[in-house]
Amino acid sequence: MKETLFLKNTETFAESMIRCGIRCHFAYPITPATDVMKYTSRMLPEHGGRMVQMESELAVSNALAGYACAGKLGATSTSGPGMTLMQEAIGFMAAGELPCIMLDAMRVGPGDGDIIGAQSTYYQATRGGGHGDYRVIVLAPSCGQEIADLMPHGIKLAMTYRNPVLFVVDGVTCQMTETTSFEEPHDYTADFDTSSWAFTGTADHPKRFLVTGSYTHEQGYEMNEKMRQKYVEISDKEQMWEQDQVEDAEVLVVAFGIHGRMCKDLVEASRAKGKRVGFIRPITLWPFPDKAFENIPASVKSILVVEMNHGQMVDDVRLAVNGRVPVHFLGKTGGEIPMCTLAEMTREANNLLEGE
Amino acid sequence: MQTLADYYGKTLKFDKLTSYCPGCGHGIVTRLVAETIEAMGIREKTMAVVGIGCGGFSHHYLEVDAMEAIHGRSPASAIGYKIALPDHIVFTYQGDGDTSAIGLHEIMHAANRGMPITCIMVNNSVFGMTGGQMSPTSIPGQVTSTTATGRDVAVHGYPLLVPEMMRAMQGVSYLARESVVDVKSIKKAAKSIRNAFECQVRGLGFSFVEVISPCPTGLHLSVPDAYAFAAKETLSYFKPQVFKNELEKNDEV
Ligand code: SF4
């Protein structure tokens, strides 16, 4: 039976992962992600799990790697500077093909930044904050309900591809309290057999070892090539996006997360006035949904990308569009209200409709 | 036909030459760890978490599951693994650079957390793999490739005494400094390593053994001179001793 709860979206992330079978949450306090660990510290023990508060984000992500070695899916949650510290082990986990679920309650940067919510970590999330050719699967829910709905899928992606999966949610959305419906609890992590690779001792398998450093040049080539092929497959199969009113649109608005959510109101209000505006909301940021842009209709005169940063995803939109249509950008970050308002988005879309 | 494995057990692998330089103390310490695992009959449920540096190769010579953790972070990874599989045995094998420079933070918190994992720190007072630079454990006056006129404590600080720093921590169940500079010391080191693993098996808490060892290559000394240096110079600063042994409250092995 479905259950509807009124929760802060950080708590929704915590509740979702508990309901979906995650039993270990490693974390270090940081605003605005801390509510996740407060919630799991209280709720996980009731389900035979635990929240493990470590001494730093470095320790968090490396403990998560150790946990994953045993073939178990753990989780972590953090924000901006914490995410930066975790990059070391995230690259390590990608190289070692170890799964995990992570949340970045994105805040404004750079440096230690500010606790204000933003979308400043798009580059870091999608390009890899660590060294080497690795990829992290990035999901960008736009509300609490979507966090809950995407959790089973995120777990499936993490376990199928044995890769870290990162939820990026801006800090504003994370701190919103919303009504969310949850499906019946189900341990999705148990749907995957990890016995072929987990490090569980040599009782039932010959020695296994996870080497990401001291391999030979040939082994290194093979490892990187295997990963490249995996990323090609993910890129091909796992793109997700939402779109509406694209078919005859003159202006397409592209935004993820909270601005993506606002696009619905923008498009609805514009259409009510007879203005042909449509939207594309990427749900996977990596792989970026290039396919959404493959067949944009000839009616589209321009594209407007809206972000809570100085323009990061806009690069991916430009790559996907490949010069076929002009791509414009509207963004805001820092300050007391780091988001673009609906009025600003509407004004910019109208300017583009009028060919300004 | 009898094989070496029949004779010595399965834990130590004999099928390839080690990458350790001739005369390196790592060879002895790796063997002591292997013999401990073999003697305790825990091979099939043991996980090695090795650090970066020459010691990172240790698992190549052990028939146990293993991961090469990121520089310094082995204790954090070992904790994650132990949480996932509490009935399994997990140990870290790290050099002095890995443990006391880049990984000091992880080792100290692991010790203080008191979770039953075992950490072996091989201290040869120099960065071996990267070519003989100063380590936090280089002794005063020690010439390295980054202290050409010798370690100057006014500039570089004093050698780091890791077990001494852990001594007051309640979560630590076994704490010792040993060496492999001569046969008598090797026998004592074997006992401490065994005790450290035993503490984990009995769930008593965190266990740690620092092993003073020679690095002929990093020290630019002949093998006998490297052993003499470790025995005289290094041990004069790093005094071997058992700091703490919770097994005494139970019965020692
Ligand atoms: S460099 Fe030193 S520590 Fe490394 S293998 Fe050679 S002798 Fe041993």
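Rules of the game
Residues numbered from 1 in each chain as written. Chains lettered and ligands numbered in written order. Predicted model: local features only at pLDDT ≥ 70, side-chain atom pairs only at ≥ 80, totals over all residues. Heavy atoms only, no water. Pairing = 2+ DSSP bridges. Helix = DSSP H or I, 4+ residues; strand = E, 2+ residues; numbered from the N terminus. Axes fitted to C-alpha atoms, helices over the stretch in contact; angles between N-to-C directions. Contact = heavy atoms within 4.5 Å. Salt bridge = Lys/Arg side-chain N within 4 Å of Asp/Glu carboxyl O. Polar contact = N/O pair within 3.5 Å; in protein donor to acceptor, adjacent residues only side chain to side chain. Nonpolar A, V, L, I, M, F, W, Y, C, P; charged D, E, K, R; others polar. Buried < 20%, exposed > 50% of the residue type's maximum accessible area, 1.4 Å probe, protein only.

Residue and element names in this part refer to chain A. Reading across the sheet, the five strands line up as S10-S12-S11-S14-S15 and stay open at both edges, with mixed pairing between neighbours. Each edge of the sheet is formed by a strand with only one pairing partner; in this case those strands are strand S10 (241-244) and strand S15 (327-331). For this sheet, the mean angle separating the axes of adjacent strands, direction not counted, is 20 degrees. Sheet strands touched by helix H12 (residues 342-353): strand S11 (251-254), strand S12 (277-282), strand S14 (302-307) and S15. Its angle to S14, the strand with the most contacts, is close to 165 degrees.

This part takes up the interface of chain B and chain A. One widely used convention gives an interface's size as the accessible area the parts lose upon coming together. Contacts between the two partners involve 32 residues from chain B and, on the opposite side, 36 residues from chain A. Where chain B meets chain A, there are one salt bridge. A salt bridge links Glu88(A) to Arg73(B); the nearest nitrogen and oxygen atoms lie 2.8 Å apart. Linking chain B with chain A are 18 residue pairs in polar contact (both at pLDDT 80 or more). Top element by residues in the side of chain B that touches chain A is helix H3 (residues 74-84) of chain B. It accounts for seven residues. Here the side of chain B that touches chain A is composed, by residue class, of 15 nonpolar, seven polar and 10 charged. Sheet topology note: the strand S9 (residues 209-210) of chain A/strand S2 (residues 65-68) of chain B ladder contains two bridges and is parallel.

For the rest of this paragraph, the subject is the side chain of Thr144(B). With respect to the helices, strands and loops of the structure, Thr144(B) is situated in the loop between strand S4 (118-123) and helix H6 (153-156). Not counting chain neighbours up to four residues away, the residues in contact with Thr144(B) comprise Val126(B), Gly132(B), Gln133(B), Met134(B) and Ser138(B).

The next subject is the environment of Ala230(B). Residues and elements named next belong to chain B. Examined against the element boundaries, Ala230 turns out to sit in helix H10 (residues 223-237). Residue class for Ala230 comes out buried when judged on its relative accessible area of 1%. Residues within four places of Ala230 in sequence aside, it is in contact with Val181, Ser213, Pro214 and Leu235.

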